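An overview of the molecular structure
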Amino acid sequence: MASPDILARAAALRQEIERHNYAYYVLDAPTVPDAEYDRLFRELQALEAEYPELATPDSPTCRVGGQPLDEFPKVRHAVPMLSIRTETDTTAAGARAFDARVRKELGLASDDAPVEYHAELKFDGLAINLRYEQGVLVAAATRGDGETGEAVSQNVRTVRAIPLRLHTDTPPAVLEVRGEVYMRRDDFERYNAKQREASKPTLVNPRNGAAGSIRQLDPAIAAQRPLSFFAYGLGEVQGWRDAPATHSATLDALVKLGVPVCAERRVCRGADELVAFHAEIAARRDQLPFDIDGVVYKVNRLDLQRDLGFVTREPRWAVAHKYPAQEELTVVEAIEVQVGRTGALTPVARLVPVFVGGVTVTNATLHNQDEIDRKDVRVGDTVIVRRAGDVIPEVVAVVLDRRPQPAPPRFDILQSHPVCPECGSHVVRLEGEAAARCTGGLYCPAQRKQALLHFASRRAMDIEGLGDKLIEQLVDRGLVRTPADVYRLDAETLSRLDRMAERSAANLLAAIEASKSTTLARFIFALGIRNVGEATAKDLARHFGELDRLVAATAEDLMTVREVGPIVAQSIVQFFAEPHNLDVVGRLRAAGVHWPESAGVQQSAGILAGKTLVLTGTLPTLTREVAKERIEAAGGKVAGSVSKKTDYVVAGEDAGSKLAKAQELGVTILDEAALLALLEPDNRTQQQFDF
Ligand code: D41
């Protein structure tokens, strides 16, 4: 049996977790880091597992989903869920026509006061009824045909924005909250990106994301979908003391009960203010974090709503005023390819122009080959194009019924674009990568600015003063096309650039000159080979010693280098297989870029091969990292603690317990000088080792 202490702890955990849910999902203001939230959640789960009698229907652990269903039970709504009349006239006249009808029905004369309305957003999701009894969420149902819906309680519980218990000590006996389950655009994009990465199916759009998730028979799947909720009205209500008298006050009351209500809403007097709301929201539609397909106007006073009543399931007191659709049908005229700054080839559908989401769209991204395969988009296809928010228009699906016959061939990016449309270098698709890429990193105009910026960066060639603004100018004026051109710049050319004083031109030329004397590791890193970061560049430099040996290396050779796997090896081989890149490398060397070359590991390694060293204390000149790199370059291993297997302990100032341990075990102890003597038996200069 759970003791009173345990009961109290479980209750406290539930309250705290729900408070964090509310802060995160409703207020959009997280109160604790995810890790802390997870800890609380797991503690509660553990308690409930140990004491099953603790489990309650309003426990946040119930949100994660139960058993899959065969089908959803049907439920009859206590109060029918009406539908909403749509004003098809999307101009201001739509709002005026609604106001005129309401005034007429209410028998108002033209000199009577304006009617008070509530203007709100029309969320594009799935309408849901939430039933709270004594303040606890007991059931949730879809709208269905308005009379009968589907019981989707398990799935709705997974929506963290929906309170499992109302925030009040005096709840109404029954309170049905109606609203829309929806998916935020950022959540939708993030979810799809994750799915794409894992080669799993993506959601077509946020609305289908929301509706499809709630209709999932397996609540575990619904639990993984990032859903949200906004309330817009009520169903059955029993025993609500001080029930509000207007729609706006009802929504305010729901906010106080912990139910999410969208803040983009306003009480309007008369048609003009409705028109203003419609226009204002239209202008900000793209910036909203979720899709809307219009705005909704409602007569604010509930008594007037009752007077107005409804016709054929549509209240006379409400209307939806639509915006242009965010999805339309059009035809793919061609599939072309754009080369991005990193060399990724993005397929783009050229479309028969179509008006979507308020603009005319002529192109839509197809992301990559996997996406084309998944959606099976072909030239000539009729497709659904979506443009929502500020994101680039996208082809969301093909209307297969309308595919021309005989069917056009599948689109294959490598087949249609064996070479880069920008520079003619080879196009490859690396294992495990979604994108096909141009291999002409140093040469390709699309990648020029990015390549130059990387080339000049501090950890690469370290050309101070050669930043993005300057590169922008140099490339745009055709003065620099590849990194090799940087070494041909002169004071005269630089002086013609914007904001280039004589002094800064001289400084830049000095920096360019100084960069010629570099290290092999920096040079390799500067080339911007895909998947070759600074650490890998150092490993490669150390291993091969000379650039020509690296250029000549096969994938097998490369994979003998520490930390170099098949993907990195493949990137390197492909980079040097591209003649354009070799040409630039040759021109860089011809321009005077040089570095000390060594024989590489074949001859210089092995001094410490198979030896394990431990570093302790502060060495007089070497940092810990450099000492480690040097030891590793000589084939040794650096371990964290001293044991019988330790060959040497390198001790510096303030060496502590490791030194004592070494003495105890009789391990050979070296100081820095002794280590260096080991590493440099023939007194090679430090420079040669300074990778
Ligand atoms: O945001 C919405 N999708 C929304 C839907 C809204 N803001 N208000 C709505 N109001 C109603 C009435 C007037 C019938 C209470 C609605 C809907 N109905 C509705 N949604 C789906 C069917 C009906």
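This is a predicted model, so every value here is computed, not measured.

Procedures and definitions
- Residues numbered from 1 in each chain as written.
- Predicted model: local features only at pLDDT ≥ 70, side-chain atom pairs only at ≥ 80, totals over all residues.
- Heavy atoms only, no water.
- Helix = DSSP H or I, 4+ residues; strand = E, 2+ residues; numbered from the N terminus.
- Rg over C-alpha atoms; globule rule 2.2 N^0.38 Å.
- Buried < 20%, exposed > 50% of the residue type's maximum accessible area, 1.4 Å probe, protein only.
- Contact = heavy atoms within 4.5 Å.
- Core = buried A, V, L, I, M, F, W, Y, C linked by side-chain atoms within 4.5 Å.
- Disulfide = S-S within 2.5 Å.
- Pairing = 2+ DSSP bridges.
- Axes fitted to C-alpha atoms, helices over the stretch in contact; angles between N-to-C directions.
- Near = heavy atom within 4 Å.
- Polar contact = N/O pair within 3.5 Å; in protein donor to acceptor, adjacent residues only side chain to side chain.
- Areas by Shrake-Rupley, 256 points an atom, 1.4 Å probe, with all protein chains shown as cover.
- Nonpolar A, V, L, I, M, F, W, Y, C, P; charged D, E, K, R; others polar.
- Left-handed = near helix turned anticlockwise from the far one by under 90°.
- Phe/Tyr/Trp six-rings, centres within 6.5 Å; stacked < 30°, edge-to-face > 60°.
- Lys NZ or Arg CZ within 6 Å of the ring centre and 35° of its normal.
- pLDDT = per-residue confidence, 0-100.
- Arc of directions from axis to C-beta.

**A few points about the overall build of the protein**
The secondary structure content of the protein amounts to 28 helices and 24 strands. Here the protein has a C-alpha radius of gyration of 34 Å; the compact-globule value for 691 residues is 26 Å, and the former is much larger. For the protein, the C-alpha atoms occupy an extent of roughly 105 × 70 × 55 Å along the three principal directions. Evaluated residue by residue, the protein yields a buried proportion of 47% over its 691 residues. Counting contacts in the protein only where the partners sit at least 6 residues apart, residues at least 24 apart contribute 68% of the total.

**Focus: the nonpolar core**
If you look at the biggest cluster of nonpolar residues, it comprises 53 residues, and the most contacted ones within it are Ile-463 and Leu-540. If you tally residues by element for this core, the top one is helix 18 (residues 520–526), at six residues. In this structure, Ile-463 is in contact with Phe-455, Ala-456, Val-486, Tyr-487, Leu-508, Ala-511, Ile-512 and Ser-515, ignoring residues within four places of it in sequence.

**Remarks on the state of the cysteines**
Scanning the entire structure with this criterion turns up zero disulfides. The cysteine Cys-268 is free of any disulfide, with Cys-262 supplying the nearest cysteine sulfur at 14 Å. Relative accessible area serves as the criterion here: at 0%, Cys-268 is assigned to the buried category. Cys-423 supplies the cysteine sulfur nearest to Cys-444, a cysteine that is in no disulfide, at a spacing of 3.8 Å.

**Topic: the sheet that holds strand 8 (residues 228–238)**
Read across the open sheet, the four strands follow the order 5-4-7-8; overall the sheet is antiparallel. Sheet topology places strand 5 (136–142) and strand 8 at the edges, where each strand pairs with a single neighbour. The average angle at which neighbouring strand axes cross in this sheet is 25°, direction not considered. Relative to strand 8, strand 7 (residues 174–182) runs antiparallel, the two being bridged by eight bridges. Bridging across to strand 8, Tyr-182 finds its partner in Ser-228. Contacts between helix 8 (residues 247–256) and the sheet are confined to strand 7 and strand 8, with strand 8 contributing the most and set at about 110° to the helix.

**Re the site of the ligand**
Around the ligand lies a shell of 16 residues, among which Glu-120, Leu-121, Phe-123, Tyr-232 and Lys-298 are the nearest. The separation between an oxygen atom of the ligand and a polar main-chain atom of Phe-123 is 2.9 Å. In this structure, a nitrogen atom belonging to the ligand sits 3.3 Å away from a side-chain N or O atom of Glu-180. When the free accessible area of the ligand is taken as 480 Å², the share hidden by the protein chains comes to 87%. At the level of elements, strand 3 (116–123) and strand 10 (292–299) are the ones that each hand at least two residues to the shell around the ligand. A class-by-class count of the residues in the shell around the ligand yields 10 nonpolar, one polar and five charged.

**Focus on the packing of helix 3 (residues 92–105) against helix 9 (residues 270–284)**
Relative to each other, helix 3 and helix 9 sit at 145°, their axes nearing to 9 Å. Judged by the sense of rotation from one axis to the other, the crossing of helix 3 with helix 9 is right-handed. Contacts between helix 3 and helix 9 pair Ala-92, Ala-95, Arg-96, Phe-98 and Asp-99 from the former with Ala-271, Asp-272, Leu-274 and Val-275 from the latter. Residue classes in the contact of helix 3 with helix 9 are distributed as six nonpolar, no polar and three charged.

**Topic: the sheet that holds strand 23 (residues 648–651)**
Read from one edge of the open sheet, four strands run 22-21-23-24, paired in parallel fashion. Two strands in the sheet have a free side with no partner beyond their single neighbour: strand 22 (637–639) and strand 24 (668–670). Pairs of neighbouring strands in the sheet enclose a mean axial angle of 35°, with direction left out of account. Sheet analysis places strand 21 (residues 612–616) next to strand 22, joined by three bridges and oriented parallel. Looking at strand 22, one finds that Thr-612 is bridged to Lys-637. Helix-sheet contacts for helix 26 (residues 657–665) involve strand 21, strand 23 and strand 24, and the interaxial angle to strand 21 is about 135°.

**As for the packing of aromatic side chains**
Under the counting rule described, the total for this entry stands at 13 aromatic pairs. Between Phe-123 and Phe-230, the ring centres sit 4.8 Å apart and the planes meet at 40°, which makes this aromatic pair tilted. Of this pair, Phe-123 sits in strand 3 while Phe-230 sits in strand 8; the two residues are 107 residues apart in sequence, bridging distant segments of the chain. Given a relative accessible area of 10%, Phe-230 falls into the buried group. Joined through ring pairs, the aromatic side chains of Phe-123, Tyr-182, Phe-230 and Phe-290 make up one cluster. Its end group placed over the ring of Phe-188, Arg-386 keeps NZ or CZ at 5.7 Å from the ring centre.

**Description of the confidence of the model for the protein**
Taken residue by residue, the protein gives an average pLDDT of 90. The fraction at 70 or more is 97%. Low confidence marks residues 683–691, where pLDDT is under 50. Its contacts with residues over four positions away, or in another chain, come to 13 contacts.

**Considerations on the side chain of His-118**
Relative to the elements of secondary structure, His-118 occurs in strand 3. Its relative accessible area of 1% is what places His-118 among the buried residues. Within the structure, the side chain of His-118 is placed 2.8 Å from the side chain of Glu-120, a separation counted as a polar contact. Leave out the neighbours within four places in its chain, and His-118 touches His-247, Ser-248, Leu-251, Arg-265, Arg-266, Val-267, Val-296, Tyr-297, Lys-298 and Asn-300.

**Observations concerning the pairing of strand 4 (residues 126–133)**
Across the eight residues that make up strand 4, a large majority, seven, are buried. Where strand 4 lies against strand 7, eight bridges are found, and the strand directions are antiparallel. Its bridge partner being in strand 7, Ile-128 is matched across the sheet by Gly-179. Sheet topology note: the strand 4/strand 5 ladder contains six bridges and is antiparallel. Paired with Tyr-132 across the bridge in strand 5 is Leu-137. Linking two consecutive strands that pair antiparallel, namely strand 4 and strand 5, is a turn of two residues; a positive phi of about 50° is found at Gln-134 within it.

**Digging into helix 13 (residues 448–456)**
For helix 13, the full list of buried residues reads Arg-448, Ala-451, Leu-452, Phe-455 and Ala-456. Along the axis of helix 13, the buried residues cluster in a sector spanning 120°; they form a single face. Buried residues along helix 13 sit against helix 14 (468–476), helix 15 (483–486), helix 18 and helix 23 (579–590).

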